[in-house]
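Descriptive structure summary
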Amino acid sequence: MGPTRDAPVLAVEGLGKSFGSVRAVDDLTFSVRPGAVTGFLGPNGAGKTTTLRMLLGLTRPTAGRALVDGLPYAEHERPARVVGAALEASSFHPGRTGLGHLEVFAAQVGASNRRCRELIDFVGLGPAAERRVGGYSMGMRQRLGLATALLADPPAVVLDEPANGLDPEGIRWMRGLLRAFAAEGRTVLISSHVLSEVQHTVDDVVIIAHGRLVHASSLADLGALATPETYVESPAAGALAGLCDDRGWSRRADGAGLVVAGVPAAEIGAAAYAAGIELHQLVSRGVGLEDVFLRLTGGVR
Amino acid sequence: MRAALVAEYRKLVSTRLWWVLLIALAAYLAFVGGVLAFSIVFAPDGQDTTMPGGADAAAGVYGLVNAIGYVFPLVIGSLMITTEFRYQTITQSLLVEPRRTVLLAGKLVVAIPLGLVYGLAGMAALVAVSAPLLALKGDGAFVTDPDVLAVILLGVVVTALWTVIGVGFGAVLPNQVAAVVVLLAFTQFVEPIARLALGAFDATSSVARFLPGAAADGLIGASLIGEMGGGSGDLLPRWAALLVLLGYAAVLAGVGRLTTLRRDIG
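Note that the coordinates shown come from a computational prediction; the quantities given were computed from them, not determined experimentally.

**Concerning the environment of Glu130(A)**
Residue and element names in this part refer to chain A. Inspection of the secondary structure puts Glu130 in the loop between helix H3 (113–122) and helix H4 (138–149). Separated by 34 residues in sequence, Glu130 and Arg96 place their C-alpha atoms 8.9 Å apart. If near-sequence neighbours (up to four positions away) are discounted, Glu130 is found in contact with Thr97, Leu99 and Arg117. A polar side-chain atom of Glu130 sits 2.6 Å from a polar atom in the side chain of Arg117.

Shown next, in the form of structure tokens:
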């Protein structure tokens, strides 16, 4: 498979949505480039789904605009041929078969019944194709949603929480698929409320909290925000604390010892040795991306 | 637009509801039609002053497809919209066709052949059971009488109109449970009582003719409730009845487009 046309840029410009006095999305600006997987991240209730719904023409923005290849989604001739989207894993009629679900929406994107059959096999639902969706597991619904999004073999794919309900094998499969899409030059946008769930999949991250943008960069640049921490334990706790203060290191108590932020273990060890302070533990603690993510999204609270 | 029609057709036939309701309609009409025909045929002589006879009786029985059957096409029509909201498939429907007027138009158009199928099945069941019973009485089943034939044909047509009106109603009230409850209450309770009550006074009897069920009776030219109310003269002429029914469909669909289908989805 390969994209049927040039992959579009997805862009959000000054986008806002208010529900009464609640600003679900507030002055949000970012863009999603082709040829990469972009993670759209934020805690639950941050406004991710509302933003995606505005991008896809389902919800009307109260400010700004959301564009697909420079044009609002709904103004494209056959928009589902440009962007394939799966928004909620529960949006199926329980009495329809998986294959029947695909065939319902195939006509309007120009996909044949044969294509539906191929896709349902492709997402691993072949044996369940003739079964009613009411009996599908969450993971199977997730796969069916993906198949629906891929009906037109679109150059851009938007998936809301695609890892929800998938087993580890399914998550690995999804990851490989999304990486392949990006490698083919497609635009891929996936949302998640857990960074660690997508950090091995995404190239770029867009992080929002409370409807506002808090960070947008490559994953590597996000990693650069992570500062190392060192755990130190000494029987001479007072002397150790004094040493930290002399050097201007930020410290906080942690169990029987201290955590020093932003200072490598070697430097602390050398300083303690020079000052004649006995150490019982000296441990480097890498700060995970998840911590950076939590700090970023918690900071505006 | 052609693709929208294909999609609506597939939505309909890919679940079991349409034929479950179709069988229910046919069985219900066969039963009630049989009971009514039986009571006409075997009414004791001399006491049947309230019972119509002859061609009127046949028209009244065949008109049941409208008089008591109309709740079925209304419900299936409304379900064409309300199931989309109940199961959130409206999201996917609008992703593949963001033009909401096209989505609604597709449903309204597909409702016509669907309603004709319902009308044909309902009428066939009704005639199959009641005509032989009516024929037991010397004057026959009148299935070839031009007036009775008109009732049969227009009974099928009016069922299609009810289906279209049902789609419009579903667009106005997309909550599935609420829509079904309101339709049942209106067709089984509110409208029959309103027709009898309004028909009881000269000042209001002309208003009663414009109620949807009364207008449909006017279109097919037979009215069970009208006859029970003591006079069948208070029906609209066919052309006016047709316009009234089309008006109901247009107003409901228009209101649904400007309310339900203008709102944010999600």
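Alright, that's what it looks like, and here's the rest.
**Here we look at the interface of chain A and chain B**
With 32 residues of chain A in contact, the opposing surface of chain B contributes 27 residues. A combined buried area of about 2600 Å² lies between chain A and chain B, and 57% of that area is made up of carbon and sulfur atoms. Summed over the three residues of chain A that lose the most area to chain B, namely Leu58(A), Phe105(A) and Gln108(A), the buried surface amounts to 25% of that side. Seen at the junction of chain A and chain B, the total is one salt bridge. A salt bridge links Lys17(A) to Asp264(B); its shortest N-O distance comes to 2.5 Å. Across the chain A-chain B interface, the total number found is 11 residue pairs in polar contact (both at pLDDT 80 or more). Mapped onto the side of chain A that touches chain B, the elements with two or more residues apiece are strand S1 (10–19) and helix H2 (98–109) of chain A. With seven residues, the single largest contributor to the side of chain A that touches chain B is H2(A). Split by residue class, the side of chain A that touches chain B holds 16 nonpolar, nine polar and seven charged.

**Section: the sheet that holds strand S7 (residues 187–192) of chain A**
All names here are of chain A. Strand order across the open sheet formed by six strands is S5-S6-S7-S3-S8-S9, with mixed pairing between neighbours. The strands lining the two open edges of the sheet, one partner per strand, are strand S5 (83–86) and strand S9 (212–218). Adjacent strand axes in the sheet meet at a mean angle of 15°, parallel and antiparallel pairs treated alike. Bridge count between strand S8 (residues 204–209) and S9: six bridges; the pairing is antiparallel. For Asp204, the partnering residue across the bridge sits in S9 and is Ser218. Contacts between helix H1 (residues 48–55) and the sheet are confined to strand S3 (36–41), strand S6 (156–160), S7 and S8, with S7 contributing the most and set at about 150° to the helix. Each of S3, S8 and S9 touches helix H10 (residues 289–298); the most contacted strand, S8, lies at about 40° to it.

**Structural notes on the sheet that holds strand S4 (residues 63–68) of chain A**
Residue and element names in this part refer to chain A. Strand order in the open sheet formed by three strands is S2-S1-S4, with antiparallel pairing between adjacent strands. For this open sheet the edge positions go to strand S2 (22–32) and S4, each flanked by a neighbour on one side alone. In this sheet, neighbouring strand axes are inclined to one another by 20° on average, regardless of whether the strands run parallel or antiparallel. With five bridges connecting them, S1 and S4 associate as antiparallel partners. For Ala11, the partnering residue across the bridge sits in S4 and is Leu67. Together, S1, S2 and S4 form the strand contacts of H1, whose direction differs from that of S1 by roughly 115°.

So, how was this worked out
- Each chain carries its own residue numbering, running from 1 in the direction its sequence is written.
- Think of it this way: whatever chain is written first is A, whatever ligand is written first is 1, and the rest follow in order.
- Residues qualify for local features only when their pLDDT is at least 70, as the model is predicted, and side-chain atom pairs are given and counted only at 80 or more; totals for whole chains, interfaces and linings, by contrast, use all residues.
- The basis for the side-chain values is all heavy atoms of the structure; hydrogens and waters are excluded.
- Secondary structure elements follow DSSP: runs of H or I no shorter than four residues count as helices, runs of E no shorter than two count as strands, and numbering proceeds from the N terminus.
- Only heavy atoms matter for contacts: two residues are in contact if any of them lie within 4.5 Å across the pair.
- We define a polar contact as two N or O atoms separated by no more than 3.5 Å, with the added condition that, inside protein, one atom must be a possible hydrogen donor and the other a possible acceptor, whereas residues neighbouring each other in sequence contribute only through side-chain atom pairs.
- As a working definition, buried area equals the accessible area (1.4 Å probe) given up by two parts on being put together, with both sides summed.
- What makes a salt bridge here is a side-chain nitrogen of Lys or Arg within 4 Å of a carboxyl oxygen of Asp or Glu, nothing more.
- Following the grouping adopted for this structure description, the nonpolar residues are Ala, Val, Leu, Ile, Met, Phe, Trp, Tyr, Cys and Pro, the charged ones are Asp, Glu, Lys and Arg, and the polar ones are all others, Gly among them.
- In this description, strands pair whenever DSSP reports at least two bridges between them.
- All axes here are fitted lines through C-alpha atoms, helices being fitted over the stretch that makes contact, and every angle between N-to-C directions spans 0 to 180 degrees.

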